[in-house]
Amino acid sequence: MKYIRKICGLIIAVVFVAALIIGLGVIFSVKNVNVTLESYTYNAETMTDEQREEVAQELGGVKEKLLGKYRGTIMGFVKEEEAADCLDGSRYVFVGMEKHYPCTLEITIKERREVFAVALGEGLYDTYDVSGKKLRSGVMAEEAVNNLDGEPNVYVVKTPSAVPTDGDMLEVASVAAAFSEAFGGLRPVVESIAVNTVYDINVPRTDMQFTLRCGIAVYIEDYQVLTGAKIGKAFTAFSALGGVEKMSGRIHVLEKDGQLIAERIPDLPE
């Protein structure tokens, strides 16, 4: 009898602990997801009713996708990187997440910022966000503009004549981010970016040229080496120019004998 009572007591304790765990799991599992949008396209004060409805539908779709993935999941097991994956391929990127116990996730997302345009031929373009990920495919020239202000995006080309790939655009975006930091902006400053494959004594080298809206170009030789230092050197040279000098020619940046050189090369006379 003594052993039976001990066994019964143990069984009761196990059942109690299991019930407690299940109960806590139910209490602290995801039941609600709230989504906050940081938008570049819409202004909360000037949005039309049609735009408000469009945003509500989009946020509702994101919310349902997140709920479908996490409903019933214990709050502590929800990871930010997994939540970010739910937005992959959409027009939004993940900003952050807060857990409001016992059962609500507060998700903040923002609209992907459109920055680059790639010509496909026949008047069609692909557009890419600031990180180099594709946003829209095959849009007409009049549509290949930035929703922020209706101005053209930064056009990207590749030579010898070719259409930049999605992989190329990720690299372009990375270098452009360093350029933007040094020059204080990208779209307001840069009109186009060209990725050039050059053969120096039959050895391929990849250069990158930023054509600025003021007229001058910044040509970075072998941009994959000392990228940040070369861009910084270019900005120093650019800052030293007079107003008229910034309207034409190019600043050529290269490494020679272990030193970085940046010189302005005037346009050839016509």
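So, a few notes on the structure that sits alongside this text. Bear in mind the structure is a predicted one, so any value in this text is a computation, not a measurement.

1. Quick notes on the pattern of salt bridges
Taken as a whole, this structure holds 7 salt bridges when the rule is applied. Across the pair Arg 112 and Asp 129 runs a salt bridge whose closest N-O atoms are separated by 2.8 Å. Linking Arg 112 in the loop between strand S3 (104-111) and strand S4 (114-121) with Asp 129 in strand S5 (residues 124-129), this pair joins segments that are 17 residues apart in sequence. Asp 126 is the partner of Lys 134 in a salt bridge, and the nearest nitrogen-oxygen pair spans 3.4 Å. For Lys 134, a relative accessible area of 32% translates into the label partly exposed. When salt bridges that share partners are traced, they join Asp 126, Lys 134 and Asp 166 into one network.

2. What to know about the sheet that holds strand S2 (residues 92-100)
Note: strands within a sheet are paired through backbone hydrogen bonds, in either parallel or antiparallel orientation. Read across the open sheet, the 3 strands follow the order S1-S3-S2; overall the sheet is mixed. Each edge of the sheet is formed by a strand with only one pairing partner; in this case those strands are strand S1 (32-38) and S2. When the angles between neighbouring strand axes are averaged without regard to direction, this sheet yields 20 degrees. With 8 bridges connecting them, S2 and S3 associate as antiparallel partners. Across the sheet, residue Tyr 92 finds its bridge partner in S3, namely Glu 111. Sheet strands in contact with helix H2 (residues 49-70) are S1, S2 and S3, and its direction is about 140 degrees off that of S1.

3. So, unusual backbone geometry
Cis geometry is adopted by the peptide bond preceding Pro 102, which originates at Tyr 101 and carries an omega value of 20 degrees. Assignment of secondary structure puts Pro 102 in the loop between S2 and S3. Positive phi is not limited to glycine here, since Glu 122 has a value of about 55 degrees. For Glu 122, the position within the fold is in the loop between S4 and S5. We note that Asp 257 has phi near 55 degrees; this positive angle belongs to a residue other than glycine. For Asp 257, the position within the fold is in the loop between strand S11 (250-256) and strand S12 (259-265). For Asp 257, a relative accessible area of 75% translates into the label exposed.

4. Describing the sheet that holds strand S6 (residues 134-140)
On the basis of which strands lie adjacent, the open sheet formed by 9 strands has the order S6-S5-S4-S7-S8-S9-S10-S11-S12 and mixed pairing. Looking along the sheet, the strands with just one partner apiece sit at the ends: S6 and S12. Sheet twist, expressed as the average angle between the axes of neighbouring strands with direction ignored, equals 25 degrees. Pairing geometry for S11 and S12, over 7 bridges, is antiparallel. By the bridge assignment for S12, Lys 256 is matched with Gln 259.

5. A short note on the pairing of S11
With 4 bridges connecting them, strand S10 (residues 217-220) and S11 associate as parallel partners. Bridge pairing in S11 places Val 218 opposite Ile 251. Taken together, S10, helix H5 (residues 227-239) and S11 constitute a β-α-β crossover, and its handedness is left-handed. Taking the residues that link successive antiparallel strands as the turn, the S11-S12 hairpin has 2 residues, and the phi of Asp 257 there is positive, at about 55 degrees.

Criteria and thresholds
Residues numbered from 1 in each chain as written. Predicted model: local features only at pLDDT ≥ 70, side-chain atom pairs only at ≥ 80, totals over all residues. Heavy atoms only, no water. Salt bridge = Lys/Arg side-chain N within 4 Å of Asp/Glu carboxyl O. Helix = DSSP H or I, 4+ residues; strand = E, 2+ residues; numbered from the N terminus. Buried < 20%, exposed > 50% of the residue type's maximum accessible area, 1.4 Å probe, protein only. Pairing = 2+ DSSP bridges. Axes fitted to C-alpha atoms, helices over the stretch in contact; angles between N-to-C directions. Contact = heavy atoms within 4.5 Å. Right-handed = clockwise from strand over helix to strand, strands pointing away.

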